[in-house]
Amino acid sequence: MAHPTQLGFQDAASPVMEELLHFHDHALMIVFLISTLVLYIIIAMVSTKLTNKYILDSQEIEIVWTILPAVILVLIALPSLRILYLMDEINDPHLTIKAMGHQWYWSYEYTDYENLGFDSYMVPTQDLTPGQFRLLETDHRMVVPMESPIRVLVSAEDVLHSWTVPSLGVKMDAVPGRLNQTAFIASRPGVFYGQCSEICGANHSFMPIVVEAVPLEHFENWSSLMLEDA
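Just so we're clear, the structure is a prediction, and the values are computed from it rather than from any experiment.

Asker: For this particular structure, what's the right way to read the sheet that holds strand E9 (residues 190–195)?
Answerer: By definition, the strands of a sheet pair up through backbone hydrogen bonds, in either a parallel or an antiparallel sense. Pairing is mixed in the open sheet, where 3 strands are placed in the order E4-E10-E9. Two strands bound the open sheet, and with one partner strand each, they are strand E4 (142–145) and E9. Averaged over all pairs of adjacent strands, the angle between their axes in this sheet comes to 25°, without regard to strand direction. In this sheet, strand E10 (residues 208–214) lies alongside E9 in antiparallel orientation, the contact comprising 6 bridges. Paired with Phe192 across the strands is Val211, a residue of E10. Contacts between helix H4 (residues 216–229) and the sheet are confined to E4 and E10, with E4 contributing the most and set at about 140° to the helix.

Asker: How should the UniProt feature "domain: Cytochrome oxidase subunit II transmembrane region profile" (unreviewed entry) in the protein chain be read in this particular structure?
Answerer: In the numbering used here, UniProt assigns the feature "domain: Cytochrome oxidase subunit II transmembrane region profile" (unreviewed entry) to residues 1–91. Between the first and last C-alpha atoms of residues 1–91 the distance is 28 Å; the span itself is 74% helix and 0% strand.

Asker: Mind showing me how you'd approach the pattern of salt bridges here?
Answerer: As a working rule, side chains carrying opposite charge can pair if their charged atoms are close by. One pass over the structure, following the stated rule, counts 3 salt bridges. Arg141 is paired through a salt bridge with Glu137; the nearest N and O atoms lie 3.1 Å apart. For Arg141, a relative accessible area of 26% puts it in the partly exposed group. A relative accessible area of 2% means that Glu137 is categorised as buried. Its salt-bridge partner being Glu212, residue Arg141 comes within 3.4 Å of it at the nearest N-O pair. Of the two residues, Arg141 sits in the loop between strand E3 (117–120) and E4 while Glu212 sits in strand E10, which places them 71 residues apart along the sequence.

Asker: Looking at this structure, how should I read the UniProt feature "transmembrane region" (unreviewed entry) in the protein chain?
Answerer: Mapped onto this numbering, the UniProt entry annotates "transmembrane region" (unreviewed entry) at residues 27–51 and 63–85. For residues 27–51, the helix share is 84%, the strand share is 0%, and the end-to-end C-alpha distance is 34 Å. Along residues 63–85 the backbone is 100% helical and 0% strand, and the end-to-end C-alpha distance reaches 33 Å.

Asker: Just to check I follow, could you spell out the pairing of strand E7 (residues 170–174) for this structure?
Answerer: Where strand E6 (residues 161–165) meets E7, 5 bridges bridge the pair, whose relative direction is antiparallel. Paired with Val165 across the two strands is Val170, which belongs to E7. Turn length for the E6-E7 hairpin, with the two strands adjacent in sequence and antiparallel, is 4 residues, and the turn residue Gly169 shows positive phi of about 70°.

Asker: What is the right way to look at the nonpolar core in this model?
Answerer: As a rule of thumb, soluble globular proteins bury nonpolar side chains together. Of all hydrophobic cores here, the largest spans 35 residues; its most connected members are Tyr110, Trp163 and Phe184. Looking at this core, the elements that each hand over two or more residues are strand E1 (95–102), strand E2 (105–110), E4, strand E5 (149–156), E6, E7, E10 and H4. Once you skip the residues sitting within four places of it in the chain, Trp163 turns out to touch Ala99, Trp106, Tyr108, Met142, Val152, Val154, Val170, Lys171, Met172, Phe184, Ile209 and Val211.

Asker: How do you make sense of the domain arrangement of the protein chain when you look at a structure like this?
Answerer: Accessible area lost during the coming together of the parts is what is often quoted as the interface size. Per the domain assignment, the segments making up the protein chain are domain 1 (15–88) and domain 2 (95–229). On a C-alpha basis, the centroid separation for the pair domain 1 and domain 2 is 40 Å. Of the residues lining the interface, 5 residues belong to domain 1; the matching set on domain 2 comes to 6 residues. A combined buried area of about 370 Å² lies between domain 1 and domain 2, and 57% of that area is made up of carbon and sulfur atoms. Between the two partners, domain 1 and domain 2, sit 0 salt bridges. Inspection of the domain 1/domain 2 interface yields 0 residue pairs in polar contact (both at pLDDT 80 or more).

The rules behind each value
Residues numbered from 1 in each chain as written. Predicted model: local features only at pLDDT ≥ 70, side-chain atom pairs only at ≥ 80, totals over all residues. Heavy atoms only, no water. Pairing = 2+ DSSP bridges. Helix = DSSP H or I, 4+ residues; strand = E, 2+ residues; numbered from the N terminus. Axes fitted to C-alpha atoms, helices over the stretch in contact; angles between N-to-C directions. Contact = heavy atoms within 4.5 Å. UniProt positions renumbered as here; feature names shortened; annotations may be inferred. Salt bridge = Lys/Arg side-chain N within 4 Å of Asp/Glu carboxyl O. Buried < 20%, exposed > 50% of the residue type's maximum accessible area, 1.4 Å probe, protein only. Core = buried A, V, L, I, M, F, W, Y, C linked by side-chain atoms within 4.5 Å. Domains from an automatic or database assignment. Buried area = accessible area lost by both parts, 1.4 Å probe. Polar contact = N/O pair within 3.5 Å; in protein donor to acceptor, adjacent residues only side chain to side chain.

Here you go:
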């Protein structure tokens, strides 16, 4: 859960998000090193009048500052591509959920069950109970089993939406007439919050996403109760 004045990312709750955090730190260190070098060169050029005639026309320096940026780009590109392919892989999902975006709420269908589906609306401020978050809590959470590959099919019924849960490393556009898919594994139990991150209309800020990861036996009990109510 994000908090005010937070500078970094939310704590990772999935293996992919852990990889993304590591890549962020890796790229940030490279940026820091480049920025420090450039700042040092600027200060040195401004603060001294000395010149070195061997640096003014040096073939070796030109070779270094041509090859070095190429090496840095490779050091960034290789782990980036690795994570990109990891995010695109969906191997034998244990559960498939269809998330449909509407103005302005989400509806979920558990396609492995016959009649398990519900709409997820934001809880109005006046109806919140102690401990619930304003503009983030929903009346029905998307409950999933932890440590299981979950496939999410994302689409929209009216305009563009985006199904996003930062701590799970999931962000997928919901496009009318198109079925996109993404996947995640919740590595620990908990409640993870997200919001539609596509400007989809006047109430764009009021269609939150709540994913609750629970142990498998608890998920089976929850699904049985939901099927009985249906």
